[in-house]
Amino acid sequence: MFWIRTIREPKDAEITPYETWLNRRHFVGTSAKAAVAGALVPGLLAGCDVDGERGVSKAAASPGIAPGDTDQEAPGGPSQDRDWSKVRSELDEPLNSWEDITTYNNFYEFGVGKDDPAKNAHTLRPRPWSVAVEGEVESPGVYDLEDFLSPHAVEDRVYRLRCVEAWSMVVPWRGIALADVVRRMQPTSKARFVEMTTLLDEEQMPGQRRRILDWPYVEALRMDEAIHPLAFLATGVYGRDLPNQNGAPLRLVVPWKYGFKSVKSIVRFRFLEDMPPTTWAVSAPREYGFYANVNPEVDHPRWSQARERRLGEFRRRPTLPFNGYADEVESLYAGMDLRKNF
Ligand SMILES: Nc1nc2c(c(=O)[nH]1)N[C@H]1C(S)=C(S)[C@@H](COP(=O)(O)O)O[C@H]1N2
Ligand SMILES: [Mo]
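Scoring rules and cut-offs
- All residue numbers refer to position in the chain's written sequence, counted from 1.
- All chains are assigned letters beginning with A, and all ligands numbers beginning with 1, in the order in which they are written.
- Reporting of local features is limited, given that this is a predicted model, to residues whose pLDDT is at least 70; pairs of side-chain atoms are given and counted only at 80 or more, and all residues count toward the totals for whole chains, interfaces and linings.
- Hydrogen atoms and water are omitted, and side-chain values are computed over all heavy atoms in the structure.
- In these notes, a set of buried Ala, Val, Leu, Ile, Met, Phe, Trp, Tyr and Cys residues joined through side-chain atoms within 4.5 Å is what counts as a nonpolar core.
- Per-residue accessibility, obtained with a 1.4 Å probe over protein chains only, is compared with the maximum for each type, and a residue is labelled buried under 20%, exposed over 50%, and partly exposed between these values.
- What makes two residues a contact is simply this: any of their non-hydrogen atoms within 4.5 Å.
- A pocket, in this scheme, is an open set of points on a 1 Å grid over the protein atoms alone with protein on both sides within 12 Å along at least 5 of 7 lines, while a cavity is a set where a 1.4 Å probe fits but cannot get out; residues line either one if an atom lies within 4 Å of a point.
- Grid points are joined across faces, edges and corners, and a volume is the space filled by probe spheres set on the points.
- Think of it this way: any DSSP run of H or I at least four residues long counts as a helix, any run of E at least two long counts as a strand, and we number them from the N terminus.
- Here a polar contact means two N or O atoms within 3.5 Å. Within protein one must be a hydrogen donor candidate and the other an acceptor candidate, and residues neighboring in sequence count only if both atoms are side-chain atoms.
- Between any two strands, at least two bridges found by DSSP are needed for them to pair.

Engineer: An account of the nonpolar core is needed here, citing residue identities and associated values.
Structural biologist: Residues Phe148, Leu233, Trp256, Phe269 and Phe271 are the most contacted members of the largest nonpolar core, which totals 83 residues. Discounting chain neighbours no more than four positions away, the residues touching Trp256 are Glu225, His228, Leu230, Ala231, Asn293, Val294, Phe322, Asn323, Tyr325, Val329, Leu332 and Tyr333.

If you want it as structure tokens, here you go:
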């Protein structure tokens, strides 16, 4: 079931005990604004060690790399715009390879096998692309992708991705802070949720001809989750434009939640007063909830969530509460029963 491309025992030094990891973490204050600029997330953003800039990477500094500049024709591997071998997440966990990230995917619009998206997603046309902004918002409209992205600072961020199926990766995303986008759209005081929807097009996404899910794929966040500094919209990986199989040209990345929240190939943002139905919660409400926060203490009805297999590692590693981002995000859920609101 799992493709293990590089089987090796993790060295002891690579296995960080939970306590050590807790003590090491000392970042993210309460100012979302500052954190969005990268200043309060040292170590989390890839740029820190490499560029000597605090969090904001070369991607932001160099006008040569804009998310609209497609290098879709040459997706051969990490771009050469930085030394990716030196880029680490705050855990010193090694990055997963370009190959892992781009050939082991979940994207049911292109098939349910892990290698199907890489084989089939060439039918997706990520340019030109437009993004609709609707609902409880001061500036609704339809934007060309380039106009949608251009006001925002592009950053590289290294995040863990934990799939609900109990595998995980470490991915160097490139993209923009979701909070910046939300603020620019000026949600009205009624807006409590933001819903994001994948393209619906059977021709570009042949998997939508099979009714395995209620298409289009829809996900949503509570407004406070959406403006959390960790919430991210990815336009790239390893410094390249997103390969189609990873959700080109624009996909959500919410690192403290199971991967299925991170909806791909987004064509619409809708601001809502009420919690909307979301694809997996509708499809199997007993198994998938709206929140989908990574939680090693709440098992999936059919398997344990206590441990996970990092692609490229042999032994399973413990799954961390909120996927290792508890210090930053657990206050969002204060007073909530996380077994009920799973
Ligand atoms: N539209 C859409 N978005 C999706 C999915 C999908 O099937 N369709 N799969 C989700 C799941 S289950 C995971 S784990 C991640 C996988 O992202 P990756 O393939 O870039 O690693 O995408 C999420 N976003
Ligand atoms: Mo997933």
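Now that the structure has been shown, we can carry on.
Engineer: Quick one: what's the story with the layout of surface pockets, residue by residue and with numbers?
Structural biologist: Reported here for the largest pocket is a volume of approximately 500 Å³. Looking at which element gives the most residues to the lining of the largest pocket, the answer is strand S4 (residues 167-177), with 4 residues.

Engineer: Before we move on, could you go through the environment of Lys114 and cite the residues and values that matter?
Structural biologist: As for its position among the elements, Lys114 is in the loop between helix H5 (98-103) and helix H6 (116-120). Setting aside residues no more than four positions away along its own chain, Lys114 makes contact with Thr103, Tyr104, Asn105, Asn106, Glu165 and Trp167. At a separation of 2.9 Å, a polar atom in the side chain of Lys114 contacts the side chain of Asn106.

Engineer: Would you mind going over the pairing of S4 in detail, with residue names and values included?
Structural biologist: Extensive coverage of S4 is indicated by the burial of 11 of its 11 residues. With 8 bridges connecting them, strand S3 (residues 155-162) and S4 associate as antiparallel partners. Each bridged residue has a counterpart across the sheet, and for Arg162 the counterpart in S4 is Ser168. As judged from the 2 bridges shared by S4 and strand S11 (residues 307-310), these two strands associate in the parallel manner. Note that in S11 the partner of Ser168 across the bridge is Arg310. When S4 meets strand S7 (residues 232-237), the two strands line up antiparallel, connected through 5 bridges. Directly across from Arg174, in S7, lies its bridge partner Gly236.

Engineer: Now, about the pairing of strand S10 (residues 266-272): what can you tell me, with residues and values included?
Structural biologist: Pairing analysis gives 4 bridges linking strand S1 (residues 130-135) to S10, with the strands arranged parallel. Residue pairing for S10: Gly135 is matched across the bridge by Phe271. Alignment of strand S5 (residues 193-198) against S10, held across 6 bridges, turns out to be antiparallel. Of the residues in S10, the one forming a bridge with Val194 is Phe271.

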